[in-house]
Amino acid sequence: MKRFATVLLLLLPLFADAEGIYDLRTEHLDSPIGTDAAAPRLSWKAEGVVNAEFKVSVTEKGGGLVWETSVKGFAAVYDGPALKPFTEYEWKVSAAGAEAESVFETGMMNPEDWHGHWISDNKSVEFRPAGRFRTEFEAKGGIVKALAYIAAAGLSTLVINGATVEPGRVLDPAFTRF
């Protein structure tokens, strides 16, 4: 019986389909939007890829190669040219015939990039009900991508053209320290 169990354990890797590179992370997050790390940490996991040198490359989406390196571990710290604010980057890890890709998007990399302003209803915090802010605008030209950054102490609803965006995300997060 022990020999049978040993044979099964030795054959198990032949039937495992978990080989390859997976779980790519940027700053410990899966495809983050708005990272402001000047040198983001890129990490991954690998099965069946042992003692390999991993090639890591970063490209600007729709553009050319920005940075490339080789490492012997499961992580690399970006050490290329300064990343542009509000830009989407694709990155790839490859080794021993295995390959995986991910993306990250930079946010406001410098305080000088801030072009917004605080809004308020100018009422006391004791005033009930909560303030409501609304604006109308007409977008000019073809919109390729739009992002809304909302900071509202966990209570917000985004409505565009009369339709609620992500209607299941009410009171999300449920608890804040504001």
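For clarity, every value in this text was computed on a predicted model and none was experimentally measured.

Asker: Describe a nonpolar patch on the surface, naming the residues involved and giving the relevant values.
Answerer: A cluster of nonpolar side chains, Ile 33, Phe 86, Met 108, Trp 114, Leu 147 and Tyr 149, forms an exposed patch at the surface whose accessible area comes to about 650 Å². Counting through the fold element by element, Leu 147 comes out in the loop between strand 8 (98–106) and strand 9 (159–160). Note on Leu 147: relative accessible area 41%, which makes it partly exposed.

Asker: Run through the side chain of Ser 57, naming residues and quoting values.
Answerer: On the secondary structure map, Ser 57 appears in strand 4 (residues 54–60). When its relative accessible area of 11% is taken as the criterion, Ser 57 is described as buried. Discounting residues that sit within four places of it in the chain, Ser 57 has contacts with Leu 65, Trp 67, Glu 68, Glu 90, Trp 91 and Lys 92.

Asker: Give a detailed account of the nonpolar core, specifying residues and quantitative values.
Answerer: Counting 23 residues, the largest nonpolar core has Ile 21, Trp 44, Phe 54, Val 56, Val 58, Trp 91 and Val 93 as its most contacted members. At the level of secondary structure, the elements contributing two or more residues to this core comprise strand 1 (20–26), strand 3 (41–47), strand 4, strand 5 (65–71), strand 7 (88–95) and strand 8. Considering every element that reaches this core, the biggest residue donor is strand 7, with four residues.

Asker: Got a sec to walk through the pattern of salt bridges? Specific residues and values, please.
Answerer: Counted under the stated rule, the structure contains eight salt bridges. As a salt-bridge pair, Lys 45 and Asp 23 come within 3.3 Å of each other at their nearest N and O atoms. Taken together, the positions of Lys 45 in strand 3 and Asp 23 in strand 1 put the pair 22 residues apart, joining distant regions of the chain. Across the salt bridge formed by Glu 68 and Lys 55, the nearest N and O atoms sit 3.3 Å from each other. Within this pair, whereas Glu 68 is found in strand 5, its partner Lys 55 is found in strand 4, the two being separated by 13 residues in sequence. Glu 68 sits in the partly exposed class, given a relative accessible area of 42%. Lys 55 gets classed as partly exposed once you look at its relative accessible area, which sits at 39%.

Asker: Explain the sheet that holds strand 1 residue by residue, including any values.
Answerer: In space, the three strands of this open sheet follow the order 1-3-6, with antiparallel pairing throughout. Only two strands of the sheet have a single neighbouring strand rather than two, namely strand 1 and strand 6 (75–77). Between one strand axis and the next, the sheet turns through 20° on average, direction left out of account. In this sheet, strand 6 lies alongside strand 3 in antiparallel orientation, the contact comprising three bridges. Directly across from Leu 42, in strand 6, lies its bridge partner Ala 76.

Asker: Requested: an account of the packing of aromatic side chains, with residues and values cited.
Answerer: Tallying each qualifying case throughout the model produces five aromatic pairs. Ring pairs connect the aromatic residues Trp 44, Phe 54, Phe 74 and Trp 91, which therefore count as one cluster. Cation over ring: Lys 123 sits above Phe 127, and NZ or CZ is 5.2 Å from the ring centre.

Asker: Go over the pairing of strand 3, please, and point to the residues and values.
Answerer: Along strand 3, the buried face is formed by Leu 42, Trp 44 and Ala 46; none of Arg 41, Ser 43, Lys 45 and Glu 47, which line the opposite face, is buried. Taken together, the five bridges between strand 1 and strand 3 define a ladder with antiparallel strand orientation. Residue pairing across strands places Gly 20 opposite Glu 47, the latter belonging to strand 3.

Cut-offs and rules
- Residues numbered from 1 in each chain as written.
- Predicted model: local features only at pLDDT ≥ 70, side-chain atom pairs only at ≥ 80, totals over all residues.
- Heavy atoms only, no water.
- Patch = residues over 30% accessible without salt bridge, like charges linked within 9 Å, V, L, I, M, F, W, Y side chains within 5 Å.
- Areas by Shrake-Rupley, 256 points an atom, 1.4 Å probe, with all protein chains shown as cover.
- Salt bridge = Lys/Arg side-chain N within 4 Å of Asp/Glu carboxyl O.
- Helix = DSSP H or I, 4+ residues; strand = E, 2+ residues; numbered from the N terminus.
- Buried < 20%, exposed > 50% of the residue type's maximum accessible area, 1.4 Å probe, protein only.
- Contact = heavy atoms within 4.5 Å.
- Core = buried A, V, L, I, M, F, W, Y, C linked by side-chain atoms within 4.5 Å.
- Pairing = 2+ DSSP bridges.
- Axes fitted to C-alpha atoms, helices over the stretch in contact; angles between N-to-C directions.
- Phe/Tyr/Trp six-rings, centres within 6.5 Å; stacked < 30°, edge-to-face > 60°.
- Lys NZ or Arg CZ within 6 Å of the ring centre and 35° of its normal.

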